[in-house]
Amino acid sequence: MTGYEAKDITKLNLIAVRIRKHIIEMLYKAKSGHPGGSLSAVDALVALYFVKMKLNPKKPNDPNRDRFILSKGHAAPALYAVLAERGYFPVDELKKLRMIDCMLQGHPVCTYIPGVEASTGSLGHGLSFANGVALAGKLDKKNYNVYAMLGDGETGEGQVWEAAAVAAHYKLDNLTAMIDRNFLQIDGNTEDVLKLESVKDRWSSFGWNTIEIDGHDIEKIIDALNEAKAHERQPTMIILNTTKGKGVSFMENNVDFHGVPPNEIERNIAIEELTHAEKRLEALL
Amino acid sequence: MSKKVMVNPRNAYGEALIELGKKHNNLVVLDADLSKSTKTIMFAKKYPERFFEMGIAEANMITTAAGLASCGKLPFVSTFAVFATGRVYDQIRMDIAYSNANVKIFATHGGISVGKDGVSHQMIEDIALMRVLPNMTVIAPSDAIQTGKIVHLMAENHGPMYARVGRADAPLIYEKKDVEEIEIGKGMIVEDGQDISFISCGTMVEPALEAKKTLAKQGINARVIDMHTIKPIDEDLILRCAKETNAIITAEEHSIIGGLGASVAEIIAEKNLSTKFLRMGIRDTFCESGAPCDLLEKYKLNENHMVKNAKNILKN
C-alpha cells in the first residue's frame, strides 16, 4: 500500500529502536521523566518525521513546513530524540535532558528548542494549537499539513472537546490528530480512571473522520496518514492502538513506568533488549 | 458646566480593529460568542475571512490564537474580562506568556461597573492574574480616544499583551493630539499638581479629574496620573510623584490586591520612598448586583470618596 519495500520499513523500525534506546539513556541520565508514554509514541513519530512530514531541519521555521504538535508533552524524550536524529540539533544534547542551563526542558518549549512547535506539558492544549495552525494554513492557502498527538488519558480534558468541535466546524481537513491509545494513565487503566470508550465513536460523533490501527505498525501508520491527508472537509483522528512502555519487556503495560525513570539495572536490561532488537533488524537489511 | 461627551471604549476598539485590519493583513480576530458586546463584530463584518467565531469555548480560543500567532498572524482575542483571564489562565500561561506568543487579549466588561449582572460578570482580579505572568504587558485604557491609540500600540509592539476596558460609555478625557505620543509603559500626567497625586487607571481616571476640581476649590492642588500601563509600571513617574507631592492615592476598578495599587506599593517599598499612600479599589471582597453608580458608591470608588480620602490623608 505505502509503496514501501519491506527493507524500507525495516529501516524505519531500526530508527524506532534507536530512538527507544535514546529514550532509555536520556531518562536514566536525567533520573526523571516519563518512559511509558514516550516509548508508546515512537513509531508514529518515526512515520511522521522520517516519511510523511514536509520539513527541513536546517530551516525549522520555514513557513511552508508541515507541523507536528506533541500535545502529550510528557513524551518529550521521544520527540527530542526524533528531532535530534532528524538533524534539528546535535544528538549530544539528549544527554542533558532536564539539566540546569541546558536546552531540553522536562516538557517541550517552542521558544528555544529547534523543531518544537508548541510549549506543552499542561494537558489538553495541543489540539487547539493545531487548530490555529490549520486555520492559518487555510487562510493563507498554504498546503502544509498539521499533525498533533494526544494521550488517551489526556482526552479527559474539556479543552480537547472544545478543539474537536471547532476543528470539525471549520472543516480542517489539513489537520490530522492521533491518539496514543495505550489504555494506561497514572492512576491506572483508562477505563477505570475515567471511561473513554468508545474513543472512535466519540470522535466520529464530533464530526471527525476516524481511523483505528496498530500504533506500532509503521507501514499501517503511513497508510493511515496518507488516507487522512486525502480525506476532504473533515479533520482526521487516527487511533493508534499502542502498548505503554513498548519495546522494553518489563515496562510494557506497566503503569509504574509512567513517570519513573529506569535505575541502573533496569537501564542495562532495557538497553540489552533493545540492542538485541536492533541487531535482529540489522540482519534483515 | 459643559456636558461631557460620552463614548464607549468598546466602540473605539472595534473601530481601531477595522483601521488596523486594513494596515496589517495578518491581523485576525477571535471571539467567543460575544462579538456584539466586545464590538469585534465591526471587524467581522468588514473582514469576515479574518474573523473566527470560536463559540462558547474560551480555552480553545486562547490556544488557537497562539497557534495562529505561530504562523505569523497577529491575533486579537476578545471576550469579557472574567472569561478572558481566570477561565483560561493555564492557556494564557503556557501558550501565550511562556511561549511569548504575539497574541493580544482585549477584554471588555472589566470591573464592577458592569453592574447588574453581578459577581459572575464583574472581573476585579484580571489585572493581578495577568500581571504575575512573565512576558505579559497589562494595560487599562481610560477613555475611547486613548483606547483607540492603545489598540494601535498593541498591534505595533510584539509580544503577549492584555488590555481591559469597562462595559459602560465613558466621558472623553482626551483629544487625539493628547494621545499621539503615548507609549506602553509610560504613564501620563493628565493634570499637574503639587499637594497629592492620584495615580489611576481605566475608569478611575475621569473621577480623579473631577475630584481634582472639587479639591481645588478647597485649596488642594492634586496631580492626576493616567497610569494606563500597569505592567511594565512607570517607576520613574511613581518616584516623581513621591518626591514632588505629599501623598499618593491609587484608584482602580479592581481588587486592591495585585493590581495598580499593589504595583505602586511595591515600588514605594523597594525604593524606600517616604510618602503617604492609600490604595482605592475593591477591598478583598466580592461585590453584588446593582446599578453601576450605586456599586461605585457602596464600594467607595468615585470622585466623592477620592476627595474624602485626599483630605484625610493630607490631614493625618
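Computed from a prediction, not measured in an experiment: that's the story for all the values here. The residue numbers shown here count from 1 along each chain, following its written sequence. Chain letters start at A and ligand numbers start at 1, both assigned in the order the entries are written. Residue-level local features of this predicted model are given only where pLDDT is at least 70; pairs of side-chain atoms are given and counted only at 80 or more, and the full residue set underlies all totals for whole chains, interfaces and linings.

**Overview of the overall build of chain B**
- Going along the chain from the N terminus, every DSSP run of H or I of four or more residues is numbered as a helix, and every run of E of two or more is numbered as a strand. Looking only at helices and strands, chain B features 14 helices and 14 strands.
- The globule rule used here is 2.2 Å times the number of residues to the 0.38 power, and the radius of gyration it is set against is calculated over C-alpha atoms. By the compact-globule yardstick of 20 Å for 316 residues, chain B fits well, its C-alpha radius of gyration being 19 Å.
- With the C-alpha coordinates aligned to their principal axes, the bounding extent of chain B is approximately 60 × 40 × 40 Å.
- We call two residues in contact when the distance between their C-beta atoms, placed using the backbone, is within 7 Å. Contacts in chain B between residues at least 24 apart in sequence constitute 79% of all its contacts with a sequence separation of at least 6.

**Some remarks on the nonpolar core**
- Each nonpolar core reported here comprises buried Ala, Val, Leu, Ile, Met, Phe, Trp, Tyr and Cys residues connected via C-beta atoms within 7 Å. Whether a residue is buried, exposed or partly exposed is read from the other C-beta atoms within 10 Å of its own C-beta, which are placed from the backbone; 20 or more gives buried, 12 or fewer gives exposed, and intermediate counts give partly exposed. Counting residues in each nonpolar core, the largest one holds 186 residues, and the members touching the most others are L45(A), V46(A), A78(A), A130(A) and F198(B).
- How far each domain reaches was decided by an automatic or database domain assignment. Domain assignment of the residues forming this core places at least three in each of domain 1 (6–171) and domain 2 (185–315) of chain B.
- Beyond its immediate chain neighbours, meaning those up to four positions away, A78(A) contacts I19(A), I23(A), S38(A), A41(A), V42(A) and L45(A).

**Quick word on the domain arrangement of chain B**
Residues and elements named next belong to chain B.
- When the domains of chain B are assigned, the result is domain 1 (6–171) and domain 2 (185–315).
- Computed over C-alpha atoms only, the centres of domain 1 and domain 2 are separated by 25 Å.
- Of all the secondary-structure elements, those providing two or more residues to the side of domain 1 that touches domain 2 are α7 (126–131), β6 (137–139), α8 (144–156) and β8 (170–171).
- By the convention adopted, Pro, Cys, Tyr, Trp, Phe, Met, Ile, Leu, Val and Ala count as nonpolar, Lys, Arg, Asp and Glu as charged, and the other residues, Gly among them, as polar. Looking at the side of domain 1 that touches domain 2 residue by residue, the class counts come to 15 nonpolar, 10 polar and three charged.

**Topic: the interface of chain A and chain B**
- Contacts between the two partners involve 21 residues from chain A, matched on the other side by 23 residues from chain B.
- Those elements that provide at least two residues to the side of chain A that touches chain B are α4 (126–139) and α5 (158–169) of chain A.
- In terms of residues, the side of chain A that touches chain B owes the most to one element, α4(A), which gives nine residues.

**Comments concerning the sheet that holds β6(B)**
All names here are of chain B.
- Being paired, for any two strands, means DSSP has found at least two bridges between them. Taken together, the seven strands give an open sheet; going across it, the order is β3-β2-β4-β5-β7-β6-β12, and neighbouring strands pair in mixed fashion. Only two strands of the sheet have a single neighbouring strand rather than two, namely β3 (51–53) and β12 (229–231). In this sheet, adjacent strand axes meet at a mean angle of 20° when their direction is disregarded.
- As judged from the five bridges shared by strand β4 (residues 74–80) and strand β5 (residues 104–108), these two strands associate in the parallel manner. Residue pairing for β5: S78 is matched across the bridge by F106. Comment: axis = line fitted to C-alpha atoms, over the contacting stretch for helices; angle = value between 0 and 180 degrees taken between N-to-C directions.

**With respect to the confidence of the model for chain B**
All names here are of chain B.
- Each residue carries a pLDDT score, the predictor's confidence in it, ranging from 0 to 100. On average, residues of chain B score 97 in pLDDT, and 99% of them are at 70 or above.
- For chain B, β8 is the element with the lowest average pLDDT, namely 96, and β6 is the one with the highest, namely 99.
- Scoring of the predicted complex yields 0.97 for pTM and 0.97 for ipTM.

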